[in-house]
Amino acid sequence: MLNRFFGQKPQEDPQKNQGQEKAGDTPASEQRFNFLSRTRQLFSKIGNNVQQSDTITDSLWDDLEESLLEADVGPSTTVWLIERLRQRATEERLRTGAQVQRALREELVKLLGQPASLRFSQKSPLTVILVIGVNGSGKTTTIAKMAYRLTNEGHKVILAAGDTFRAAAIDQLKVWGERVGVPVISQNPGSDPGAVVYDSIQAALTRGSDVLIVDTAGRLHTKYNLMEELKKINKIIQKFIPDGPHELLMVIDATTGQNALLQARQFAADIGLTGVVITKLDSTAKGGFAFAVADDLGVPIKLIGTGEKVENLSLFDPQSFVAALFAQE
């Protein structure tokens with residue numbers, strides 16, 4: 001969808017370049033989600049209630065629907081899941097709750113899709129990642145965590161303070177840049193974001209950086225202004241990096257649940273996203289929100305914030321995530 005909005009040719013399938021990705025980009029098959037203890041209680045309840053049923057009854061479907069909604073899976077996604085499970089129960093002649101539970105886990109994994117790593121340019125010396133997100137979503141902190149992670153993987157990262165409409169955003173990014181040892185290119189509050197991006201690209205190319213992460217405004221006065229600002233930034237990027245930007249990520253706060261999904265849906269429809277980063281999953285009992293995001297937006301969840309520390313940012317592994325939700329304490 002990034003290609004649709006920016007008018008670019010489709011990029012090379014990242015799955016074909018897996019051999020060129022760093023080992024750190026591959027989620028561990030046994031990735032642990034200890035921070036999900038609150039959400040796990042809900043899904044363990046779902047698993048236990050369903051599995052203990054010797055027969056499939058209307059009350060089983062009602063209880064399952066109620067539990068999914070309680071976990072913030074979302075109305076439309078929940079309805080789809082129940083209908084899909086009913087269909088499978090008929091087609092596959094499922095008879096017990098345990099069979100339904102296995103089918104539910106399989107459908108949840110399918111819903112989340114395949115693991116998706118960050119995309120790096122195969123043509124240009126510089127990979128450009130644009131990050132958007134409304135105030136309070138954890139956008140600035142997420143950018144710092146991304147920079148820290150990529151630096152530890154051997155990348156030379158530089159940050160662009162493109163959210164010039166909030167003075168606090170610039171200051172926060174500078175503080176985080178110092179903490180993680182990554183340079184931040186900025187101008188005064190109210191400056192042209194395009195000029196900041198231009199300066200950042202020049203600095204990155206001059207200093208030999210291979211990743212530029214751009215903090216962009218998550219909200220302007222009107223949707224039109226935001227669209228025009230991103231188009232302008234894109235033109236500047238493509239002048240020097242023809243195949244960029246390579247990622248347009250939206251940071252979503254899990255604690256705001258369905259309200260955040262409404263905002264993300266608008267961005268996805270109007271701008272096009274290549275992926276999302278879900279933050280504050282450790283602070284909510286409604287981690288089922290991840291399923292609503294994947295189902296509603298149709299783009300992969302690439303990273304998840306798992307705590308306040310700079311290292312608390314993980315690649316998202318759907319299969320391990322679902323397995324952890326149903327794991328017993």
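Residues numbered from 1 in each chain as written. Predicted model: local features only at pLDDT ≥ 70, side-chain atom pairs only at ≥ 80, totals over all residues. Heavy atoms only, no water.

Engineer: What should I look at first to understand a negative patch on the surface in this one?
Structural biologist: A cluster of acidic side chains, namely Asp58, Asp62, Asp63, Glu65 and Glu66, defines a negative patch on the protein surface. Of note, Glu65 is situated in helix H3 (residues 58-70). For Glu65, a relative accessible area of 30% corresponds to the partly exposed category. (Patch = residues over 30% accessible without salt bridge, like charges linked within 9 Å, V, L, I, M, F, W, Y side chains within 5 Å. Areas by Shrake-Rupley, 256 points an atom, 1.4 Å probe, with all protein chains shown as cover. Salt bridge = Lys/Arg side-chain N within 4 Å of Asp/Glu carboxyl O. Lys, Arg positive; Asp, Glu negative; His and termini not counted. Charge placed at Lys NZ, Arg CZ, Asp CG, Glu CD. Helix = DSSP H or I, 4+ residues; strand = E, 2+ residues; numbered from the N terminus. Buried < 20%, exposed > 50% of the residue type's maximum accessible area, 1.4 Å probe, protein only.)

Engineer: Got a minute to help me understand helix H10 (residues 257-270) in this structure?
Structural biologist: In an α-helix, one turn spans 3.6 residues, which is why side chains three or four residues apart end up on the same side. In a regular helix each residue adds 1.5 Å, so 14 residues correspond to 20 Å; H10 covers 21 Å between its end C-alpha atoms and thus fits that length. Burial in H10 covers these residues: Gly257, Ala260, Leu261, Ala264, Phe267 and Ala268. Axial view of H10: buried residues confined to an arc of 120°, hence all on one face. Exposed residues lying more than 90 degrees from the buried face of H10 are Asn259 and Ala269. Where H10 ends, the next residue or the one after it, Gly272, has phi of about 95°, a positive value. (Expected span 1.5 Å × (residues − 1). Arc of directions from axis to C-beta.)

Engineer: How do you make sense of the environment of Gln202 when you look at a structure like this?
Structural biologist: Of note, Gln202 is situated in helix H8 (residues 193-207). Residue class for Gln202 comes out partly exposed when judged on its relative accessible area of 26%.

Engineer: Looking at this structure, I do not really get the packing of helix H5 (residues 97-112) against helix H12 (residues 318-326). What am I missing?
Structural biologist: The axes of two packed helices give the description: the angle between them and the distance between them. Contact pair H5 / H12: the axes reach a minimum separation of 9 Å and the direction vectors enclose 145°. You can see that H5 and H12 cross each other, and the crossing is right-handed. In this structure, H5 uses Gln101, Leu104, Arg105, Leu108, Val109 and Leu112 to contact H12, whose residues at the interface are Pro318, Gln319, Phe321, Val322, Ala323 and Phe326. (Axes fitted to C-alpha atoms, helices over the stretch in contact; angles between N-to-C directions. Left-handed = near helix turned anticlockwise from the far one by under 90°. Contact = heavy atoms within 4.5 Å.)

Engineer: Help me out: how do you make sense of the pattern of salt bridges in this one?
Structural biologist: Between side chains of opposite charge, pairing is possible as soon as their charged atoms come close. This structure, assessed with the given rule, holds 14 salt bridges. Between Arg88 and Glu106 there is a salt bridge, and its shortest N-O distance comes to 2.7 Å. Here the residue Arg88 occupies a position in helix H4 (residues 75-91), and Glu106 occupies one in helix H5, the gap between them amounting to 18 residues. Salt-bridge contacts for Lys139 lead to Asp215; the nearest nitrogen and oxygen are separated by 2.4 Å. Of this pair, Lys139 sits in helix H6 (residues 139-152) while Asp215 sits in strand S4 (residues 211-215), and the two are 76 residues apart along the sequence.

Engineer: Could you clarify how one ought to interpret helix H7 (residues 167-180) in this entry?
Structural biologist: The first and last C-alpha atoms of H7 sit 20 Å apart over 14 residues, in line with the 20 Å expected at 1.5 Å per residue. Among the residues of H7, Ala169, Ile170, Leu173, Trp176, Gly177 and Val180 are the ones counted as buried. All buried residues of H7 fall inside an arc of 130° around its axis, so they share one side. Away from the buried face of H7 by more than 90 degrees, exposed residues Glu178 and Arg179 are located. Along its buried surface, H7 packs onto H6, strand S2 (157-161), strand S3 (184-185) and S4. After H7 finishes, the residue Gly181 shows a positive phi value of roughly 70°.

Engineer: What is the right way to look at the sheet that holds strand S7 (residues 301-305) in this model?
Structural biologist: Each strand in a sheet pairs with another by means of backbone hydrogen bonds, the pair being arranged parallel or else antiparallel. Pairing within the open sheet is mixed, and its eight strands lie in the order S3-S2-S4-S1-S5-S6-S7-S8. Sheet topology places S3 and strand S8 (313-315) at the edges, where each strand pairs with a single neighbour. In this sheet, strand S5 (residues 247-253) lies alongside strand S1 (residues 127-132) in parallel orientation, the contact comprising four bridges. Residue pairing in the sheet places Val131 in a bridge with Leu249 of S5. In the packing of H7 onto the sheet, the strands contacted are S2, S3 and S4, and the crossing angle to S2 comes to about 165°. The strands touched by H8 are S2, S3 and S4; relative to S2, the strand with the most contacts, the crossing angle is about 165°. (Pairing = 2+ DSSP bridges.)

Engineer: When you look at the pairing of strand S6 (residues 275-279) in this model, what are you seeing that I'm missing?
Structural biologist: Consecutive side chains along a regular strand alternate between the two faces of the sheet. In terms of residue burial, S6 counts as a mostly covered element, since five of its five residues are buried. Of the two faces of S6, the one holding Gly275, Val277 and Thr279 and the one holding Val276 and Ile278 are both buried throughout. Direction of pairing for S5 relative to S6: parallel, over a ladder of five bridges. Bridging across to S6, Leu249 finds its partner in Gly275. The parallel pair S5 and S6, bridged by H10, forms a crossover whose chirality is right-handed. Where S6 and S7 come together, three bridges link them in parallel fashion. In the strand pairing of S7, Ile278 is matched with Ile304. (Right-handed = clockwise from strand over helix to strand, strands pointing away.)

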